[in-house]
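Single-letter residue listing:
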Amino acid sequence: MLQEEMLKEIDEILSTPEKKAHVDAILPLLHGKWELQIMLEACRADVLRFGEYKKRLPLITNSVLTAALRNLEAWGLISRTQYNEIPPHVEYAPTEKGRSLLPVCYAIIKWGSQNSLSPAESSEPGPT
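Residues numbered from 1 in each chain as written. Predicted model: local features only at pLDDT ≥ 70, side-chain atom pairs only at ≥ 80, totals over all residues. Heavy atoms only, no water.

### Digging into the sheet that holds strand β3 (residues 89-94)
Thinking step 1. Strand order in the open sheet made by the three strands is β1-β3-β2, with antiparallel pairing throughout. Across the chains shown, the open sheet's two edge strands, defined by having one partner strand only, are β1 (48-49) and β2 (78-83).
Thinking step 2. When β1 meets β3, the two strands line up antiparallel, connected through two bridges. Across the sheet, residue R49 finds its bridge partner in β3, namely E91. (Pairing = 2+ DSSP bridges. Helix = DSSP H or I, 4+ residues; strand = E, 2+ residues; numbered from the N terminus.)

In structure tokens:
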């Protein structure tokens, strides 16, 4: 798809109130530092426990991971399955809607691997 076609389609989507509302509703996913990374890990592994997320994302705190997982579950992007065994455990897996984000994650990762946002390498001024 050419850039002009993409821009035209974006204009059409954003000029339809119902569709714009759907777009506005997903923006928190992109605003958060961790949600997209958690979704990528969910898609990569299919099923993960809380501790496995902590190993894959070592800088995330327990409270932030818990809140992000709850958000993703509320948005219908991951499912949470609790096993009442001894010891009890919980597994998280991407839903079909969550798996549909894989191409978005791929595009971001691909773009990020080819571009740098380091201020030292940019000719454009950074945020002030």
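The discussion continues.
### A word on the packing of helix α3 (residues 35-45) against helix α7 (residues 102-114)
Thinking step 1. Put simply, α3 and α7 touch, their axes get as near as 10 Å, and they point 115° apart. Considering the angle they form, α3 stands roughly perpendicular to α7. Handedness of the crossing formed by α3 with α7: left-handed. Contacts between α3 and α7 involve L36, L40 and C43 from the former and L102, C105, I108 and I109 from the latter. (Axes fitted to C-alpha atoms, helices over the stretch in contact; angles between N-to-C directions. Parallel < 35°, antiparallel > 145°, perpendicular 65-115°, else oblique. Left-handed = near helix turned anticlockwise from the far one by under 90°. Contact = heavy atoms within 4.5 Å.)

### Some words on the pattern of salt bridges
Thinking step 1. Here the structure, examined in full by the defined rule, presents five salt bridges.
Thinking step 2. The shortest N-O distance in the salt bridge between R99 and D46 comes to 2.7 Å. Of this pair, R99 sits in helix α6 (residues 96-99) while D46 sits in the loop between α3 and β1; the two residues are 53 residues apart in sequence, bridging distant segments of the chain.
Thinking step 3. Within the structure, one salt-bridge network assembled from shared partners comprises E41, R44 and R56. (Salt bridge = Lys/Arg side-chain N within 4 Å of Asp/Glu carboxyl O.)

### Thoughts on a nonpolar patch on the surface
Thinking step 1. Taken together, the side chains of M1, M6, L7, I10 and L14 present a nonpolar region at the surface, about 490 Å² in accessible area.
Thinking step 2. With respect to the helices and strands, the residue L7 is situated in helix α1 (residues 3-14). (Patch = residues over 30% accessible without salt bridge, like charges linked within 9 Å, V, L, I, M, F, W, Y side chains within 5 Å. Areas by Shrake-Rupley, 256 points an atom, 1.4 Å probe, with all protein chains shown as cover.)

### As for the pairing of β2
Thinking step 1. Bridge count between β2 and β3: six bridges; the pairing is antiparallel. Along β3, the bridge assignment pairs R80 with Y92.
Thinking step 2. Hairpin connection, β2 to β3: the antiparallel pair is bridged by five residues.

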